[in-house]
Amino acid sequence: MIRAIDEKTITDAALEQMEGTANPRLKQIMEVLVKHLHAFAREADLTPEEWIEGIKFLTAVGHKCTAYRQEFILLSDTLGLSSLINTLHDKRTGQTGTKTSLLGPFYRQDSPVMKLGDTIATKPTNGMEVVLYGQVKDSEGKGVAGASIEIWQPDETGNYDLQKHDPSEMDLRGHFHADADGRFYMRTVAPLGYMIPMDGPVGDMIRAQRRHGYRPAHIHFVVGAPGYREVVTAVYLGNDDHIDSDTVFGVTDSLVTQVDMNDPASPMPGIPSIKFDFHLAAATARDMTGRVGADPSQITSAGA
Ligand SMILES: [Fe+2]
């Protein structure tokens, strides 16, 4: 029988054609996606002109992606989707660890391996030197020996190495390992908050919505150890003007910290310091990683 397609029956028709999907999780995700996508079009009463505007926008987002830039991740971030995926991820853990924050579009794998106390600022800088220190702990507060700590951040002008003249040159990134007690310390420069990349379609969207486009100053981390759930997070500097209006919704209260100009407990007294302890939950089979994002070069097979 030929079905009468109208604005309601079209959803069932689409779901029916997808019923044979072999992978049950893919089947579930696509069913929910189609249901909500159709509901979105119905609720917005989307016109053909608006539909093609949406197609043009997503096409432009794709064209903006290179091995060094991921406009789709930026779109996900600015819509609050990445942050939502992170909170769902955190809910799935058995033990409570440090909260997840955005991986963002500037993560790169293979950052240089460094020794405790090294500085990740490898280029000339006018930034304020700071020492970052703390301890990686398990759920009982015991140090996690040799925990892996990847760190990356923008410089004192708010720019990442990927946004500079030669994006293949790394700076302000490093891969450290904690000591036998889980303790770590490294030097860097205090980062400045920054505007997300505004020269693409996501920037056009942000301007159309009259949003400021800023992220408060922060330092990114991926922390993990065998047997523990990897945590992708960032620490935020509490004195930033945009601490309560992050464009990508990465800030949460427990990740806010500050520069201490005179901390007697610092492993390098005399240098301003930031102290932050990380808590790792035991790994469960389902979610060894919580990376909402990836090195852009791993997503863009065509490169740039
Ligand atoms: Fe960032």
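Quick note: structure is the one above.
About the criteria used
- Residues numbered from 1 in each chain as written.
- Predicted model: local features only at pLDDT ≥ 70, side-chain atom pairs only at ≥ 80, totals over all residues.
- Heavy atoms only, no water.
- Axes fitted to C-alpha atoms, helices over the stretch in contact; angles between N-to-C directions.
- Helix = DSSP H or I, 4+ residues; strand = E, 2+ residues; numbered from the N terminus.
- Parallel < 35°, antiparallel > 145°, perpendicular 65-115°, else oblique.
- Contact = heavy atoms within 4.5 Å.
- Pairing = 2+ DSSP bridges.
- Donors = N, O, S within 2.8 Å, 3.2 Å for Na, K, Ca; no water.
- Tetrahedral: all angles 85-135°; square planar, octahedral: opposite > 155°, others 65-115°.
- Buried < 20%, exposed > 50% of the residue type's maximum accessible area, 1.4 Å probe, protein only.
- Salt bridge = Lys/Arg side-chain N within 4 Å of Asp/Glu carboxyl O.
- Patch = residues over 30% accessible without salt bridge, like charges linked within 9 Å, V, L, I, M, F, W, Y side chains within 5 Å.
- Areas by Shrake-Rupley, 256 points an atom, 1.4 Å probe, with all protein chains shown as cover.

Draft legend 1. Representation of the packing of helix H3 (residues 48–63) against helix H4 (residues 71–78) within the structure. Running from N to C, H3 and H4 cross one another at 125°; their axes reach a closest spacing of 7 Å. The angle between H3 and H4 places the two elements in the oblique class. Where H3 approaches H4, its residues Phe 57, Leu 58, Val 61 and Gly 62 are matched on the opposing element by Glu 71, Phe 72 and Leu 75.

Draft legend 2. Expanded view of the sheet that holds strand S8 (residues 231–237). Strands sit in the order S3-S2-S7-S8-S9 across an open sheet of five strands; the sheet is mixed. This sheet does not close on itself; its edge strands, each paired only once, are strand S3 (173–177) and strand S9 (256–257). In this sheet, strand S7 (residues 218–224) lies alongside strand S2 (residues 148–152) in antiparallel orientation, the contact comprising five bridges. Looking across to S7, one finds that Ile 151 is bridged to Phe 221.

Draft legend 3. Spatial organisation of the coordination of the iron ion. Note on the iron ion: its protein donors are Tyr 160 (OH), Tyr 194 (OH), His 218 (NE2) and His 220 (NE2). The metal-donor distances range over 1.9 to 2.2 Å. Its four donor atoms give the iron ion angles of 89 to 166° at the centre, a pattern that matches the irregular case. All donors of the iron ion come from a single chain, and their spacing in sequence reads Y-x33-Y-x23-H-x1-H. Placement of the pair is Tyr 194 in strand S5 (residues 194–195) and His 220 in strand S7, with a sequence separation of 26 residues. Classification of Tyr 194 as buried rests on a relative accessible area of 5%.

Draft legend 4. Expanded view of the pattern of salt bridges. Using the criterion set out here, one finds 13 salt bridges in the structure. Across the pair Arg 69 and Asp 199 runs a salt bridge whose closest N-O atoms are separated by 2.7 Å. Of this pair, Arg 69 sits in the loop between H3 and H4 while Asp 199 sits in the loop between S5 and helix H6 (201–208), and the two are 130 residues apart along the sequence. A residue is classified by how much of its surface remains accessible, and Arg 69, at 16% relative accessible area, is buried. What makes Asp 199 exposed here is its relative accessible area of 53%. The closest approach of N and O atoms between Arg 215 and Asp 246, which form a salt bridge, is 2.7 Å. Note that Arg 215 is positioned in strand S6 (residues 214–215) and Asp 246 in the loop between S8 and S9, a separation of 31 residues in sequence. According to the relative accessible area criterion, Arg 215 is buried, its value standing at 3%. Residue class for Asp 246 comes out buried when judged on its relative accessible area of 5%. Members of the salt-bridge network, linked through shared partners, are Arg 69, Glu 71 and Asp 199.

Draft legend 5. Quick look at the pairing of S3. With respect to burial, S3 is a largely interior element, four of its five residues being buried. Pairing geometry for S2 and S3, over five bridges, is antiparallel. Directly across from Ile 151, in S3, lies its bridge partner Gly 174.

Draft legend 6. View of a nonpolar patch on the surface. A cluster of nonpolar side chains, namely Leu 26, Met 30, Leu 33, Leu 37, Phe 40, Leu 46, Trp 51, Ile 52 and Ile 55, defines an oily patch on the protein surface of about 790 Å² accessible area. Elements represented by at least two residues in the nonpolar patch include exactly helix H2 (24–44) and H3. In terms of residue count, the dominant contributor to the nonpolar patch is H2 (five residues). Secondary-structure assignment places Trp 51 in helix H3.

Draft legend 7. Quick look at unusual backbone geometry. Even without being glycine, Asp 45 reaches a positive phi, approximately 50°. Relative to the assigned elements, Asp 45 resides in the loop between H2 and H3. Judged by its relative accessible area of 61%, Asp 45 falls in the exposed class.

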